[in-house]
Every structure is written in C-alpha cells, then in structure tokens.
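Per-entry structural report
Residues per chain are reported as follows:
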Amino acid sequence: MLVVVYDVDDVLNELNNYVADTVGIPHSAINRYKISEIDGITDEQKGAIIELYKQVATFKNCNWKPSMADICRVQVSGEAEVHIHSTSMNQDIADFKRDYLLKSIPGLTEDNLSLVTTGEVKNPHSKADIIVEDCIDNLLKYDSTVIKILIDTPHNQFEDYGIEARNSDIIRVKNLDDAIRLVECIVNMYKLGKNMQKAVD
C-alpha cells in the first residue's frame, strides 16, 4: 500500500493569489516561501500578508481548487491511501481546514488528516511514499525513497534554492491536476509491478 500525502496551502487552494489580491500586489510578488525574504514589497505589505495568514476568513474566501475532490480517487485501486499534512497559523484555521476538507473530498477520513499549528515543526509524514507540496524546504526533509512532487509557484523556483532541476529528485508539475494524474500513474505502475511479480512467482 502506497501512502500519498498532500499539503494544503497553494496545493489544494490558491492561498497566495488571494493574499496578493487582498494586499494589492501582483501574484508573482510573493516569490519566497519566507515572507521576510521577499524583495520589492514594503514592510507594511509583508506585515499585511502575515496577518492574512492568521485569519480564518482568508481560508474561507480564497479559491479552493475543484480537482481537490479527486485526490482520493486513487484509493479505488486498493494500492494507495491518501493523507493530508498541513501547517496553520492557529487552531481556528486548522479546525476550519479539517471541516472543509472532510466535507469537500470524498474518501478522505479524519484519521488521515495531520493538521499542525505554527510553533509545531512540520516534520516529514512518517508513512509517506509520495508527497505533493509547494514548499521545497519541506520536500528536502524527506529521504530519497520518497517520490517528491512540487506544485509550481513563484515562491518555489529551484534557482532560489541553489538547486539544479536536472540534479534534483523533485518532480515539478504545473498544477494540482497534473499532480493527481502523476500520482495515479505511479500507483498504476506500482500495481502493475505487483501483478507481474505474482505472475512470475
């Protein structure tokens, strides 16, 4: 059984696009995962971004990607289990995410939700075989046995991390739809491999 782990913010939703629109800056302006490291915006705008991350209303009002409803579809194969692993700035946001995700994603169970709050370290998911993230730093915490899928955003470009794409074990995809298709392909190949092994045995 493969364990597939999805992050939430800027993976299942469009958090930073909403935040940028609210602050009045281009989407591309949020080009670092750590807001303090962003160049080209004022300290006041940085403060406004961080304040928005602390408000439940931000997560209620930002766009959630329609294809998030499909992430558990891969479980039908019998060879995969989908988990969600996400950090929030406070417990109210974590509680909103829990309720919203369970309501919006068929097949997701509360037991497969790991929602930590700021102050807790977002350690690697202990069972992950495939991880879908927007944060390179979080992906780099996983060892080479884990398949790492990165949703492309302005804040996670390889060159900003001194990483050469060709030397990376991170697979960059355009969007969530592509990530879901890739996960399904990997799981299907895994199932095929198991079936072929049974035939040989």
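Preceding this section is the structure that the text describes.
Right, let's walk through the structure included here. (Residues numbered from 1 in each chain as written. Predicted model: local features only at pLDDT ≥ 70, side-chain atom pairs only at ≥ 80, totals over all residues. Heavy atoms only, no water.)

A few words now on the nonpolar core. Membership of the largest hydrophobic core comes to 48 residues, with the highest contact counts inside it found for Tyr6, Leu12, Ile71, Ile84 and Leu101. Of all the elements, helix α6 (residues 176-200) adds the most residues to this core, at six residues. Beyond its immediate chain neighbours, meaning those up to four positions away, Ile84 contacts Tyr6, Val8, Leu12, Ile71, Leu101, Ile105, Leu108, Asn112, Leu113, Ser114 and Leu115. (Core = buried A, V, L, I, M, F, W, Y, C linked by side-chain atoms within 4.5 Å. Buried < 20%, exposed > 50% of the residue type's maximum accessible area, 1.4 Å probe, protein only. Helix = DSSP H or I, 4+ residues; strand = E, 2+ residues; numbered from the N terminus. Contact = heavy atoms within 4.5 Å.)

Quick look at the side chain of Asn13 now. For Asn13, the location among the structural elements is in the loop between β1 (2-6) and α1 (15-23). Reaching out from Asn13, the side chain makes a polar contact with the side chain of Asp9 at a distance of 3.1 Å. Within the structure, the side chain of Asn13 is placed 2.8 Å from the backbone nitrogen of Asp10, a separation counted as a polar contact. (Polar contact = N/O pair within 3.5 Å; in protein donor to acceptor, adjacent residues only side chain to side chain.)

Let us now look at the packing of aromatic side chains. Overall, the coordinates contain two aromatic pairs when judged by the stated rule. Aromatic side chains Trp64 and Tyr100 sit 4.7 Å apart centroid to centroid with 40° between the ring planes, which places their arrangement in the tilted category. Here Trp64, found in the loop between α3 (56-61) and β2 (80-88), pairs with Tyr100, found in helix α4 (residues 91-104); they are 36 residues apart in sequence, far enough to count as distant. Taken together, the ring pairs connect Trp64, Phe96 and Tyr100 into an aromatic cluster. If you follow Arg172 out to its NZ or CZ, it ends over the ring of Phe158, 4.3 Å from the centre. (Phe/Tyr/Trp six-rings, centres within 6.5 Å; stacked < 30°, edge-to-face > 60°. Lys NZ or Arg CZ within 6 Å of the ring centre and 35° of its normal.)

The strand order across the open sheet formed by six strands is β3-β2-β1-β4-β5-β6, and the pairing between neighbours is parallel. A single partner strand is all that each edge strand has here, and the edge strands are β3 (113-117) and β6 (170-173). Strand-to-strand twist across the sheet, computed as the mean angle between neighbouring axes with direction ignored, equals 20°. The sheet contact formed by β1 and β2 spans five bridges and is parallel. Residue Val5 lies in a different strand from β2, and its bridge partner there is His83. Lying on the sheet, α4 is in contact with β2 and β3; it crosses β3 at an angle near 160°. (Pairing = 2+ DSSP bridges. Axes fitted to C-alpha atoms, helices over the stretch in contact; angles between N-to-C directions.)

Let us look at α1. Residues of α1 that are buried: Leu15, Asn16, Val19, Ala20 and Val23. Burial along α1 is one-sided: seen end-on, the buried residues are contained in an arc of 125°. Buried residues belonging to α1 abut α2 (43-53) and α3. (Arc of directions from axis to C-beta.)

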